[in-house]
Amino acid sequence: MNRVAAATGLVLVALGLGIFAWKVFGYGLPVVPGDPEGLWRVELAITVRGGGARGSVRAPLPSSGSGQEVYDERSVGDRLSFSIRPEGKNRIAVWRGEIGGIHDIAYGYRVRLTPLQQGLSEEVLTPAPREVVQRFGRPSAAFPSDAPEITEVLDSLGLPPADDVPGRLRSIYAWIAHEILTLEGGSDDALITLANRGGSERGKVALMVSLLRAIGVPARPVLGLELGAGAPDETVWAEAWAGGWVPLSPTGAFFASHPGNLLVLRTGSLSGVESTGAQALSYRYHALREHLGADELATLMVPPSPVFAALSLYRLPVATQGALRALLLFPLGALVLALLRNLVGLQTFGTFMPVLVAFALRQVDLGVGLALVAGVLGLGVFGRLVLDRLRLLLVPRLSILLCLVVLGVTGFALIGSSFERRDFLAGVLFPIVILTMLCERFSIAIAEEGMRNALARMGYSLLVVAAVYPIMRDPRAEHLMFSFPELTLVVMGLLVWIGGYTGYRLMDLVRFRSFASPAEGAA
């Protein structure tokens, strides 16, 4: 390979990979975005009735944070003004105004939940921050951690030593989950739940938080939604500080890690939708699992850079995008073809015939597709041999061959329709002109090189088709080349290197291996 070709190839490869790396690592474009898991649309519908007095309706809203990302939020106020009030890391939606008659208000958003790598370390070395201790480590009316009943039950549990925080958490969790009943309609109060050895889910959370605060572990309640099929239910759980917030289910559903379908609405309080100045209020949640649409995927893949955004193929009409997605696979097919022809030494009929045939077969099974190609070629070659007897000129002969190929494809389509084999209909996508020329060249090769060599070349051609075929069907390759078209520069650079290679091909080493052996009879 000469130096100019080597340098040109290097520049193209470096330029293509450089732009690709910039978009991936600089702008964070996903290489394989696919359809993200955990994407939901949630809507809160509230109906409130009032007598004309001024009032407000308040509802906790989820915040973006660990394990959840909230976006595309929309509100319907129905004659009430709307605002979002921050409360620490929580957000509260507030609708204000004169509440007269019935108001239907709503708040919708999309949220993406991602699994968190949680767990409980066996040794807690990091003390709780001061603000955490001040806010979540002290007794309150809802969490009476200084009550004598709380102290008494802690003494009866026989907890591990104070420095074994994980062990103390497990003991309290196990006692509440297994020895305190969850009662429908039970009390929400911690001490009543303790006295009755049973209470509501909220009552068990209040008791758990009270016990944890009593042993010096900051704890807080969490209000959330359990997303799934049907309308989501409000659910509650507790979080204890053990080097970080550790989720604890009062019903024993989870410990130190919660399911990936839990959406956190509010921490530190179990207050849900509330109203002031209203005579009646009801609310319900709706949730629906979502998938990305084409326009949303485009938004995800367009980089923030004005230059790259202007060059993004996702800005094109959807129909054009579909054509380009297929077209940008051809450089990869051409690269495989060049590797097999120039480095391995496979001789094929037609330069790009295997790539075009592989593209035509991308919608069908490879075996069925190759059988269709063989059938059409067989008909065409038979017709070519018959036409030899007529001694026709080249153009009319090729035109008749083209007609035979078209008839062959049409016949397979009719057979496929009759026997309900949709694979046979794929023949209509065959490159008719290429197949016609292939019939002509195959016939000439039989006459000039013999049947054996002609069949060998045909076998190599089909082998290249089989090698290119997976690329033409691979949605990841399609996405990669369409989202990062600069990779075509990398392909061009590799082709420059292949084109500049003038050494032996792999098949040459096999063909001329006898030269490497000592001559028969030589000393």
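In this text the structure is predicted, and so the values were computed from the model without any measurement.

### Details of the pattern of salt bridges
Oppositely charged side chains are able to pair whenever their charged atoms sit close together. Summed over all chains, the structure comprises 7 salt bridges. Across the pair Arg220 and Glu239 runs a salt bridge whose closest N-O atoms are separated by 2.7 Å. Here the residue Arg220 occupies a position in strand S7 (residues 219-226), and Glu239 occupies one in strand S8 (residues 233-241), the gap between them amounting to 19 residues. Of the two residues, Arg220 and Glu239, neither departs from the other in class, the shared state being buried.

### Notes on unusual backbone geometry
Non-glycine residue Arg197 carries a positive phi angle of around 55°. Looking at the secondary structure, you find Arg197 in the loop between helix H5 (190-196) and strand S6 (198-199). Its relative accessible area of 40% is what places Arg197 among the partly exposed residues. Positive phi, close to 75°, is recorded for Ala256, a residue that is not glycine. Relative to the elements of secondary structure, Ala256 occurs in the loop between strand S9 (245-248) and strand S10 (262-267).

### So, the environment of Gly380
Within the secondary structure, Gly380 is located in helix H12 (residues 366-388). Through-space distance from the C-alpha of Gly380 to that of Thr436 is 7.2 Å; in sequence the pair is 56 residues apart. Gly380 has contacts with Leu401 and Cys439, leaving out every residue within four places of it along the chain.

### Description of the packing of aromatic side chains
The tally for this structure, following the rule as stated, stands at 11 aromatic pairs. With a centroid separation of 4.9 Å and an interplanar angle of 75°, the aromatic rings of Phe20 and Phe484 are classed as edge-to-face. Placement of the pair is Phe20 in helix H1 (residues 3-26) and Phe484 in the loop between helix H16 (475-483) and helix H17 (487-500), with a sequence separation of 464 residues. Residue classification places Phe20 among the buried residues on the basis of a relative accessible area of 17%. For Phe484, a relative accessible area of 0% corresponds to the buried category. Judged by centre distance (6.1 Å) and plane angle (75°), the rings of Trp237 and Phe254 are edge-to-face. Of the two residues, Trp237 is situated in strand S8 and Phe254 in the loop between S9 and S10; the sequence distance between them amounts to 17 residues. Overall, the relative accessible area of 0% leaves Trp237 in the buried class. Three or more aromatic residues link up through ring pairs in this structure, and these residues are Phe82, Trp95, Tyr107 and Tyr109. One Lys or Arg, Arg220, reaches over the ring of Phe136 and ends 5.6 Å from the middle of that ring. Sitting over the face of the ring of Trp245, Arg220 holds its NZ or CZ atom 3.9 Å from the ring centroid.

The rules behind these values
- Residues numbered from 1 in each chain as written.
- Predicted model: local features only at pLDDT ≥ 70, side-chain atom pairs only at ≥ 80, totals over all residues.
- Heavy atoms only, no water.
- Salt bridge = Lys/Arg side-chain N within 4 Å of Asp/Glu carboxyl O.
- Helix = DSSP H or I, 4+ residues; strand = E, 2+ residues; numbered from the N terminus.
- Buried < 20%, exposed > 50% of the residue type's maximum accessible area, 1.4 Å probe, protein only.
- Contact = heavy atoms within 4.5 Å.
- Phe/Tyr/Trp six-rings, centres within 6.5 Å; stacked < 30°, edge-to-face > 60°.
- Lys NZ or Arg CZ within 6 Å of the ring centre and 35° of its normal.

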